Each structure stands twice: as structure tokens, then as C-alpha cells.
Amino acid sequence: MPKFRRSSRAARVLVPGAVTVVLLAGCAQGSGGTAAATGATTPAATSPTAGPPTPGSPVTVTPGPTGTVAPGTLLVTDFGADTVTFVDPARGSTGSVIVGTAPYGLVVGEDGRAWVATAEGVAVVDTASRERLALIPYRTDTGPVTTGEYRGGGMGIALAPDGRRVYVGVNVPGGNGTLEVVDTAALRVTDVVPVGRRPFDVDVSRDGAEVYATNHDSFDVTVVATGTLEPRRIEVAPYGTEGGLGSWLKPHYTAVRPSDGKLLLPFEGERLAVVDPGTGRTTIEPMTANTHQHGATVTADGTLLAVGTGPIDPDVDEGPSLTVRTPGGAERVYPLEGPHENVAVSGDGRTAYVTGGFTRDGYWDGLSVVDLATGDTHRLAAGSRPLGIAVL
């Protein structure tokens, strides 16, 4: 039985009046607003940009070359604005498209259309012509359109393998979220399924038979059968649920392992929760980075990449990093400068792109580019608080 560090657990649960912890409370506890630099919570603000574009209208700003998409081009969501930005990995930003307030996750289909979860609805972007084709409103009432970490609206998003459905996790401030099902031909929401609180991530099984909503604030994954749309809850809490909304030790992002369809959820650079969605059973494997982990993705050969955002308790935790874990469990940890949120891998598997947007304070406007063979890392300015990322 592997041993896990437990000495810092008490420091990872918010204590009323503990101001030094509240300063970093963005990830830990929802409030309906954004964390101010003083540690107080301010009301969630409206979009700092002009009013949203009319649904369905093609709106492009600072356009780059159109008509084709260069292989390896990156697309990131600008959580600090209302755009998605195209990024040349060698040169930086090459153009942006207005999509809607505070875009979070995105997914790109084989037809070149990108589906973007915003606070207002699911935006559809033609990545070749670089224009927004539609903005599909949610059925779920999420309250006023706002910005910031706890804003209502779409968070995680995934595309069915056959491209016929998009699944988006919709956050409802102060309550449980929903999974909305979008018909990609009709461009409308067809079904709504209840899930847990703040669905950070949404993933689909390789055969398209199940969808997985990873719910940050309820310590669980909701498994939804796509045939019946029946949901079932699997608790994923390798540290327990002590602290409730104030706990740091909650799930963030999930990767579906290609070899067997099990769900991989990294926690704290210490524990990898491996969940069998069929049985609901969780096994724990040790990890080595010792850092608060957010974004995760897995390559076709089963290599897991997990983003470490930095320490919860700087006295015992390590700084930001990227963990690359082989299917056999061997890990290499690449140090990063400053917090990051999500990660994508180049088509040849040699380079990782890690977004600096981050859901909490400490974010920055760019990406870290990591050479996975040498460990060389450099920063690339791109977008406004870039959060979600895809390689076109």
C-alpha cells in the first residue's frame, strides 16, 4: 500500500476567518463573484466589452488569414474577454473572433467547427473562415450574464465521436448544474440533464455511449448514458469531502484512458483517482508533483498530462508544473513559471501547450510551450486569460 503525505491536509480546508487562505479561495469556494486582490469578494461584473453580437451573426475582429487552417494552429478561449484567439505556436496570436462573454471550454470537430462554452450560450465558430456562425442559448436559467470564476453558463464541453451532438456542462451559481445536449445540425439544445455543482469538465467515452461531467463543488462525476440520458453519480473524493465548498481537495478535470475507458482524475500531484465508470469503483495510484492540479489530457497511447497550478500551502507544496505520466506510471515533472490551467499536445506528441489563463487570481495572458524531450520551456503571449485550448 503506497503512503501518501497527509501533513498538510488541514491547511487545505478553508477555515472561517483565515484571511491568508481566503486570498486564494477562488478554486475552493464558490461565491457568485470574483476574488479581489484584498481577499474580499466583489459582485460579479458584467462583460467589460461592448454588448454581445447578435446570435447567428458572423463577427470577426483582428482577423488573420482565412480560408484554410495551418496544421498545428492553436485555438484558445479568452476567459478574460469575449473572444477566442488563433495562435501560431511560433509567432503568437494571429487573430480573434468574438464568441460571447467569458468563454471557458472548447472542442473542435473534424469539420473544422469549434464549439465554445460561453456565459451566454454555445458559440459555433468556423475555424477556416474565422467567423462565428451561431450562438446557441442555454435552456438552463443561470441568472444574469457575468464574468469571473463563478459566473453562470457553460464550462466543460465535449463532442460526440460521430459529431452529431455536443455536450456542455452548465454552471448554475449557488446550485447544481446541468448537462445540455446540442444537436449540431439543428444548432439547438434538445435535452437537459441534471448534474452536480460547477461542471468544470465534460468528456465522452470512445464509443459515444456515455458522457462524464466532472463536478468540482460536489466531489463527483455524473455519468450520463447517451441513449437514455439517465444520470448516475460517482463520488470521487480521495481525501474525503471534509470542508464542503471550502475544500481545496475536489476534482477538476478528467481524462478518459483510451485502453479501457477508465477515468483519470489527478489530485494535488499526490493521488491519481482511476474511476471505473461501469462499477463506480475508484482505485488510487501515487503521483509525484506535490502541487494543486487542474487541467488534464491523455494522448492516444495513454500518456497523461496534468497541470499543476502551484501550492496551496507554500510551506509543504511545490510550485506550478506539468506532469507527464506514462501508461506504466512513470512520471516526469516539468517546472512552470506561474499558474496555468489547461494543456494540449501537438500532433507529433513532442510539444505541450499550457494555458496561463487560470481560473483564479495569478493568471497571465499567454501560453507556456514545453519541449517534452528536452524540457525546454518558453512563454508565448496569446489572448486574454486563455483557458481552454485545442490544436487545429
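Reading guide: rules and limits
Residues numbered from 1 in each chain as written. Predicted model: local features only at pLDDT ≥ 70, side-chain atom pairs only at ≥ 80, totals over all residues. Heavy atoms only, no water. Helix = DSSP H or I, 4+ residues; strand = E, 2+ residues; numbered from the N terminus. Buried < 20%, exposed > 50% of the residue type's maximum accessible area, 1.4 Å probe, protein only. Areas by Shrake-Rupley, 256 points an atom, 1.4 Å probe, with all protein chains shown as cover. Phe/Tyr/Trp six-rings, centres within 6.5 Å; stacked < 30°, edge-to-face > 60°. Pairing = 2+ DSSP bridges. Axes fitted to C-alpha atoms, helices over the stretch in contact; angles between N-to-C directions. Contact = heavy atoms within 4.5 Å. Polar contact = N/O pair within 3.5 Å; in protein donor to acceptor, adjacent residues only side chain to side chain. Salt bridge = Lys/Arg side-chain N within 4 Å of Asp/Glu carboxyl O.

Peer 1: Give a detailed account of the overall build of the protein, specifying residues and quantitative values.
Peer 2: A tally of helices and strands in the protein yields one helix and 31 strands. Taken over 392 residues, the protein has a buried fraction of 57%. If you sum the accessible surface of the protein, you get close to 15,100 Å²; carbon and sulfur atoms cover 53% of it.

Peer 1: Please give an account of the packing of aromatic side chains that cites residues and values.
Peer 2: What the rule picks out here adds up to three aromatic pairs. Residues Phe79 and Tyr104 carry aromatic rings whose centres are separated by 5.7 Å and whose planes lie at 85 degrees to one another, so their mutual orientation is edge-to-face. Remark: Tyr104 occurs in the loop between strand E6 (92-98) and strand E7 (106-108) and Phe79 occurs in the loop between strand E4 (74-78) and strand E5 (83-88); sequence separation between them is 25 residues. The buried category is assigned to Phe79, whose relative accessible area is 4%. Assessed through its relative accessible area of 4%, Tyr104 is described here as buried. Between the aromatic rings of Phe200 and Tyr253, the centroid separation amounts to 5.7 Å while the plane-to-plane angle is 80 degrees, which identifies the pairing as edge-to-face. A residue pair is termed long-range when its members are at least 10 positions apart, and Phe200 in strand E15 (residues 199-204) and Tyr253 in the loop between strand E18 (231-235) and strand E19 (255-256) qualify at 53 residues. The buried category is assigned to Phe200, whose relative accessible area is 1%.

Peer 1: Describe the sheet that holds strand E30 (residues 377-381), naming the residues involved and giving the relevant values.
Peer 2: Strand order across the open sheet formed by four strands is E27-E28-E29-E30, with antiparallel pairing between neighbours. The open sheet is flanked by strand E27 (343-345) and E30, the only strands paired with a single partner. Taking the axes of each pair of neighbouring strands and ignoring which way they run, one obtains an average angle of 25 degrees across the sheet. Bridging between strand E29 (residues 366-371) and E30 involves five bridges; their strand directions are antiparallel. Its bridge partner being in E30, Val369 is matched across the sheet by His378.

Peer 1: Explain the sheet that holds strand E10 (residues 131-137) to me, using residue names and the numbers behind them.
Peer 2: If you walk across this open sheet you meet the four strands as E7-E8-E9-E10, and the pairing is antiparallel. Of all the strands in the sheet, the pair left with one neighbour each is E7 and E10. Going from strand to strand, the sheet's axes swing by 20 degrees on average, the running direction of each strand aside. As paired strands, E7 and strand E8 (residues 113-117) are joined by three bridges and run antiparallel to one another. Among the inter-strand pairings, Val108 is bridged to a residue of E8, identified as Ala114.

Peer 1: Give a description of the environment of Ala344 that names residues and reports values.
Peer 2: Following the sequence through the fold, Ala344 ends up in strand E27. The class for Ala344 is buried, based on a relative accessible area of 9%. Ala344 has contacts with Thr351, Ala352, Tyr353, Ile389 and Val391, leaving out every residue within four places of it along the chain.

Peer 1: With reference to specific residues and values, describe the environment of Ala273.
Peer 2: Looking at where Ala273 falls in the secondary structure, it is placed in strand E21 (residues 271-275). Overall, the relative accessible area of 0% leaves Ala273 in the buried class. For the pair Ala273 and Pro286, spaced 13 residues apart in sequence, the C-alpha separation works out to 9.0 Å. Those residues in contact with Ala273, other than ones at most four positions away along the chain, are Val236, Leu263, Leu264, Leu265, Phe267, Thr282, Thr283 and Ile284.

Peer 1: Any details on the pairing of E18? Residues and values, ideally.
Peer 2: Every other side chain in a regular strand lies on the same face of the sheet, so the side chains alternate between the two faces. When strand E17 (residues 220-225) meets E18, the two strands line up antiparallel, connected through five bridges. Across the sheet, the residue bridging to Val224 is Pro231, located in E18. Counting the residues that bridge the hairpin from E17 to E18 gives five residues, and of these Leu229 lies at a positive phi of roughly 60 degrees.

Peer 1: Quick one: what's the story with the side chain of Asp317, residue by residue and with numbers?
Peer 2: Among the secondary structure elements, Asp317 is positioned in the loop between strand E24 (304-310) and strand E25 (321-325). Here Asp317 falls in the buried class, since its relative accessible area comes to 7%. Among the polar contacts made by the side chain of Asp317, one reaches the main-chain amide nitrogen of Ile312 at a distance of 3.1 Å. A polar atom in the side chain of Asp317 sits 2.9 Å from the backbone nitrogen of Asp313.

Peer 1: Hey, could you go over unusual backbone geometry for me, with residue numbers and the actual values?
Peer 2: For Asn290, which is not glycine, the phi torsion reads 55 degrees and is therefore positive. Mapped onto the elements, Asn290 comes out in the loop between strand E22 (282-286) and strand E23 (292-298).

Peer 1: Tell me what's going on with the side chain of Thr127, and back it up with residues and numbers.
Peer 2: Mapped onto the elements of the fold, Thr127 is located in the loop between strand E9 (121-126) and E10. At 2.6 Å, the side chain of Thr127 and the backbone oxygen of Gly112 are in polar contact. Excluding residues that lie within four positions of it along the chain, Thr127 makes contacts with Val69, Leu75, Phe86, Gly112, Ala114 and Leu392.

Peer 1: An account of the pattern of salt bridges is needed here, citing residue identities and associated values.
Peer 2: Under the defined criterion, the tally for this structure stands at 12 salt bridges. Of the charged contacts in the structure, one is a salt bridge between Asp220 and Arg233, with a shortest N-O distance of 2.6 Å. Here Asp220 is found in strand E17, whereas its partner Arg233 is found in strand E18, with 13 residues between them in sequence. What makes Asp220 buried here is its relative accessible area of 3%. Three or more residues are tied together by salt bridges with common partners; here these are Glu149, Arg198, Asp217 and Lys250.

Peer 1: An account of the environment of Thr279 is requested, with residue identities and associated values reported.
Peer 2: Among the secondary structure elements, Thr279 is positioned in the loop between E21 and E22. A relative accessible area of 48% means that Thr279 is categorised as partly exposed. Spatially, the C-alpha atom of Thr279 lies 9.3 Å from that of Ile234, the residues being 45 residues apart in sequence. One polar contact links the side chain of Thr279 to the main-chain amide nitrogen of Arg281, over a distance of 3.2 Å.

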